[in-house]
Amino acid sequence: MTEGTEALHRPLALPSTQSRNWNRLLSSIRARKLRVVYSPLYRIDLGTTPVDVLRAERILAFLLGYGLLSPKRLMRPEVASLWDLRLAHGRGYLESLRRPESLNEIIGVEAWPDLHRQALVAQRAAVGGTVLATTHALETTGTVFNLGGGFHHAGRLQGRGFCIFNDVAVAIGRARRDGFTGRVLVIDLDLHDGNGTRKIFGEDSSVFTFSVHNQTWDLTPAE
């Protein structure tokens, strides 16, 4: 075990008050019996983003290590089907993604065939994860986290900002198709505006997108 790895497993040294608050927080999370969705397919290194490739694995290791997540509550998604992707994206756009060069502008590097395949599989798996999390949460009224996804720059007819498919939009579309008729609040905590999600639901009054970034990449007002 390397020094860096040992640090990840080393108990936190907290003052007594913080320690009590920390323990109460852990107890509260345990009591909620949360579920987590994850697939090894999520892991992909595009080489052009500062995102930690092992971020999901680190979160998962933390949750399991502190007893906040039972292995029985870890859920593995299926790769999103083209039928599901059509709920948020146009046919022409999806067909264009068969060509490796279609991803060049989206991911910011030349997408050679192997990278093209990996990127599509990784993001389709993450979309499947958001669909699974949403479906299970609605069925059980429980708390479910997907450790992948958040591809909020992808619009109906184009990808952008490393986002090929909009997993949130697909999951909402799938919930609607399965009979959910309630209103939806999408809270976007990213540093950048969730312009893709906002555009997809721009004329749908049942879906409200709230972005803490509160700025836009385009002329459409942020909410």
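Residues numbered from 1 in each chain as written. Predicted model: local features only at pLDDT ≥ 70, side-chain atom pairs only at ≥ 80, totals over all residues. Heavy atoms only, no water.

### Some details on unusual backbone geometry
Glycine aside, residues mostly have negative phi angles, and peptide bonds mostly take the trans form. Of note in this structure, T141 is not a glycine but carries a positive phi near 55°. Mapped onto the elements, T141 comes out in the loop between α7 (113-140) and β3 (144-146). Positive phi values are uncommon outside glycine, yet F162 reaches one of about 70°. Within the fold, F162 resides in the loop between β3 and α8 (167-177). (Helix = DSSP H or I, 4+ residues; strand = E, 2+ residues; numbered from the N terminus.)

### Here's the deal with the environment of D188
By the secondary structure assignment, D188 is in strand β4 (residues 184-188). Expressed as a C-alpha distance, the spacing of D188 and F210, which sit 22 residues apart in the sequence, is 6.0 Å. Among residues more than four places away in sequence, those in contact with D188 are H152, G194, F210, S211 and V212. A distance of 3.0 Å separates a polar atom in the side chain of D188 from the backbone nitrogen of D190. (Contact = heavy atoms within 4.5 Å. Polar contact = N/O pair within 3.5 Å; in protein donor to acceptor, adjacent residues only side chain to side chain.)

### Considering the environment of Q118
Looking at where Q118 falls in the secondary structure, it is placed in helix α7. Judged by relative accessible area, Q118 falls into the partly exposed class, the value being 31%. C-alpha of Q118 to C-alpha of I44: the two residues are 74 residues apart in sequence and 7.1 Å apart in space. (Buried < 20%, exposed > 50% of the residue type's maximum accessible area, 1.4 Å probe, protein only.)

### Comments concerning the sheet that holds β3
Strands sit in the order β2-β1-β3 across an open sheet of three strands; the sheet is parallel. Each having just a single partner strand, β2 (74-75) and β3 make up the two edges of the open sheet. With three bridges connecting them, strand β1 (residues 35-37) and β3 associate as parallel partners. Bridging from a neighbouring strand, R35 pairs with V144 of β3. (Pairing = 2+ DSSP bridges.)

Note that every value here comes from positions in space, so none of it alone points to a role or purpose.
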